[in-house]
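Architecture at a glance
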Amino acid sequence: MAEVRKSLGGNIRQYGMMIALLLLVAMFYFLTDGLFLEPRNVTSLLVQNGYILILAIGMVMVIIAGHIDLSVGSVCAFVGATVALSMEAWSLPWPAAVLLGLALGILVGMWQGYWVAYVGIPAFIVTLAGMLLFRGLDLMILNAQSIPVPDAFQKMANGYIPEMGPVTGYHNPTLVLTLVAIAAFAYFELKNRADRGKYGMSVAPIAVSIIKLVVAGGLLLALGLLLASYKGVPVVGLILFALVLLYTFITQRTITGRHIYAVGGNRNAAGLSGVNTKKVDFLVMVNMGFLAGIAGMVFTAYLNAANPKDGVGFELDAIAAVFIGGAAVAGGVGTVTGAMIGGLVMGVLNLGLANMSVDSNWIQVIKGLVLLGAVAFDVLSKKAGRRSFIGMVMDAFGGRRATAPVDAGHDPDAETADAQLTGGSAAEVEEAAHSIHVDAVVEEEPTRQG
């Protein structure tokens, strides 16, 4: 059992939430006599929660970097209202309006990123001000009225990929996308094994990787067949699929992604190792604005109009999805996949309880208890000694360095960690960041004693 836990990276909480998600689906399937897993219901789960899942992708990067963004709901509403106004009042074609929305989201992110990164105001305060600022601008634009959007724009959230190919009884493009998703998961899993072996880290037994591939592949195939038996993948599902692949690659396979983890894990150590912490803070806020712009347009398309109450509570749902998905409150820990799992947990609760005709007030109560329970599990598991992967690496390196002599003038391990942060494998980023952190602690101790 210990070997299995180690091979899973120590992230028991994320895998626990995945199991919890499957149990929730099974529970609602039996409680609703199979209604919950009807193809139309599964499609509704994606359509109704697509904008929250998009926000969760950006929010997990913000939280990994050690910040939080309270303004995303207001930014969604502001971008949605502006795009709707541009198409109605300015007769802007919908593709140009989409580009306007993306540019507006980026500008909002740059505005807030400047105050956070280069002025040094905490993100909590900056985005709290942004929540008020952009909510006010949204209400000024709408003037207590709704602005409808054209049918072509509505397909962003309510449309489906057109059917093509031979008659198979299923939606052919959806089957192809399902196979692509399975292949992508297999690629990331095998590439991770190769990277860990290349840099001398422990590699999980091949049987564990095979089990992960079989289970994940089976779940993706089941989901794909359900969607393909109805109208296929909705357009918002395709947008979400592309974003998950892109940001999984960015966070796990790029230097920028490693720097985000390093800054969130230990800002001072990352700065000493050569990471431009201000640039990282700026980029994560700009990215959050960009994704908030996409989510705002998706939600406006979903409702067929921009409304004064759009965006209320979006930031809370996105933050809840990230924490339920395994992110750490202190930063430095989290994954895009985990955020998607957390968002789906919330979406399954909403849809399943609604199918059971549970009062909406009780749905809020249950969601609040789930969020509290997920974070409490993280805190209690750390107290019980069940550490995450980062904690295990810190302990391992700390124990090794506690018995090793330290040369204040030359530390090869620190140089190795620095090289990993700026160009090493994605699997090494957390080890590198926390290696630097432990080195710094060990070097400071003689100074304190002196």
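Residues numbered from 1 in each chain as written. Predicted model: local features only at pLDDT ≥ 70, side-chain atom pairs only at ≥ 80, totals over all residues. Heavy atoms only, no water.

Quick notes on the overall build of the protein
A tally of regular secondary structure across the protein gives 19 helices and two strands. The 450 residues of the protein split such that 48% are buried. For the protein, long-range pairs separated by at least 24 residues make up 79% of all intrachain contacts whose partners lie at least 6 apart in sequence. Looking at the protein as shown, the accessible area adds up to about 20700 Å², and 68% of this sits on carbon and sulfur atoms. (Helix = DSSP H or I, 4+ residues; strand = E, 2+ residues; numbered from the N terminus. Buried < 20%, exposed > 50% of the residue type's maximum accessible area, 1.4 Å probe, protein only. Contact = heavy atoms within 4.5 Å. Areas by Shrake-Rupley, 256 points an atom, 1.4 Å probe, with all protein chains shown as cover.)

Here's the deal with the packing of aromatic side chains
To describe a pair of aromatic rings, you give the distance between the ring centres and the angle between the ring planes. Applying the stated rule across the entire model yields 13 aromatic pairs. Here Trp-111 and Trp-115 contribute two aromatic rings whose centre-to-centre distance is 5.7 Å and whose plane-to-plane angle is 75°, an arrangement assigned as edge-to-face. With Trp-111 and Trp-115 both in helix H5 (residues 94–119) and four residues apart, this pair spans about one turn of that helix. On the accessibility criterion, Trp-115 (29% relative accessible area) is partly exposed. Centroid distance Tyr-187 to Phe-188: 5.6 Å. Interplanar angle 65°. Geometry classified as edge-to-face. Ring pairs connect the aromatic residues Trp-111, Tyr-114, Trp-115, Tyr-118 and Phe-282, which therefore count as one cluster. (Phe/Tyr/Trp six-rings, centres within 6.5 Å; stacked < 30°, edge-to-face > 60°.)

Points about the pattern of salt bridges
On inspection of all chains with the given rule, the structure shows six salt bridges. Across the pair Arg-135 and Asp-138 runs a salt bridge, and its minimum N-O distance is 3.4 Å. Within this pair, Arg-135 and its partner Asp-138 are both found in helix H6 (residues 123–142), separated by three residues, close to a single helical turn. What makes Arg-135 buried here is its relative accessible area of 17%. Lys-367 is the partner of Asp-317 in a salt bridge, and the nearest nitrogen-oxygen pair spans 3.7 Å. Taken as a pair, Asp-317 in helix H14 (residues 314–324) and Lys-367 in helix H16 (residues 360–383) lie far apart in primary sequence, 50 residues in all. Note on Asp-317: relative accessible area 26%, which makes it partly exposed. (Salt bridge = Lys/Arg side-chain N within 4 Å of Asp/Glu carboxyl O.)

Some thoughts on the packing of H14 against helix H15 (residues 336–355)
It is the contact of H14 with H15, at a shortest axis distance of 7 Å, that shows an interaxial angle of 120°. Comparing the axis directions of H14 and H15 gives the class oblique. Where H14 crosses over H15, the two elements pack in a sense that is right-handed. Counting all contacts with H14, which are made through Ala-320, Ala-321, Val-322 and Ile-324, the residues of H15 involved are Gly-338, Ala-339, Gly-342, Gly-343, Val-345 and Met-346. Partitioned by chemical class, the residues of the contact of H14 with H15 number seven nonpolar, three polar and no charged. (Axes fitted to C-alpha atoms, helices over the stretch in contact; angles between N-to-C directions. Parallel < 35°, antiparallel > 145°, perpendicular 65-115°, else oblique. Left-handed = near helix turned anticlockwise from the far one by under 90°. Nonpolar A, V, L, I, M, F, W, Y, C, P; charged D, E, K, R; others polar.)

Describing unusual backbone geometry
Non-glycine residue Asn-143 carries a positive phi angle of around 50°. Following the sequence through the fold, Asn-143 ends up in the loop between H6 and strand S1 (147–148). Taking relative accessible area as the criterion, Asn-143 reaches 58% and is therefore assigned exposed. The phi dihedral of Asn-304 falls on the positive side, at around 70°, and the residue is not glycine. Residue position: Asn-304 is located in the loop between helix H13 (277–303) and strand S2 (305–306).

Concerning the confidence of the model for the protein
Residues at a pLDDT of 70 or more form 81% of the protein, whose mean pLDDT is 82. Confidence over residues 386–450 falls short of pLDDT 50; this stretch has 89 contacts with residues more than four positions distant or in other chains. (pLDDT = per-residue confidence, 0-100.)

So, the packing of H5 against H6
One way to put it is that H5 packs onto H6 with a least axis distance of 9 Å and a crossing angle of 145°. For the element pair H5 and H6, the recorded crossing hand is right-handed. Here Val-108, Trp-111, Gln-112, Trp-115 and Val-116 of H5 lie close against H6, whose contacting residues are Ala-123, Val-126, Thr-127, Gly-130, Leu-133 and Phe-134. Considered class by class, the residues forming the contact of H5 with H6 number eight nonpolar, three polar and no charged.

Thoughts on the environment of Gly-73
Inspection of the secondary structure puts Gly-73 in helix H4 (residues 72–88). Sequence spacing of Gly-73 and Asp-310 is 237 residues, and the spatial spacing of their C-alpha atoms is 7.8 Å. Residues within four places of Gly-73 in sequence aside, it is in contact with Arg-135, Asp-310, Gly-311, Phe-314 and Glu-315.

Some remarks on the nonpolar core
Counting 77 residues, the largest nonpolar core has Ile-54, Leu-55, Ile-57, Met-59, Phe-153, Val-298 and Val-322 as the members making the most contacts within it. Take this core: its biggest share by element is 16 residues, from helix H3 (residues 39–64). The contacts of Val-322, once residues within four sequence positions are left out, are Ala-56, Met-59, Val-60, Ile-63, Ala-327 and Ala-339. By size, the runner-up hydrophobic cluster in this structure holds 18 residues, among which are Leu-45, Ala-320, Leu-349 and Leu-351. (Core = buried A, V, L, I, M, F, W, Y, C linked by side-chain atoms within 4.5 Å.)

Regarding a nonpolar patch on the surface
Residues Tyr-114, Tyr-118, Val-119, Ile-121, Phe-124, Ile-125 and Leu-128 make up a contiguous nonpolar surface patch of roughly 610 Å² in combined accessible area. Of all the secondary-structure elements, those providing two or more residues to the nonpolar patch are H5 and H6. Position of Tyr-114 relative to the elements: it lies in helix H5. (Patch = residues over 30% accessible without salt bridge, like charges linked within 9 Å, V, L, I, M, F, W, Y side chains within 5 Å.)

What to know about the environment of Ala-320
Along the chain, Ala-320 falls in helix H14. Overall, Ala-320 belongs to the buried group, its relative accessible area being 3%. Taking C-alpha positions, Ala-320 is 9.2 Å from Val-370, a pair spaced 50 residues apart along the chain. With near-sequence residues (within four places) excluded, Ala-320 lies in contact with Met-346 and Leu-371.

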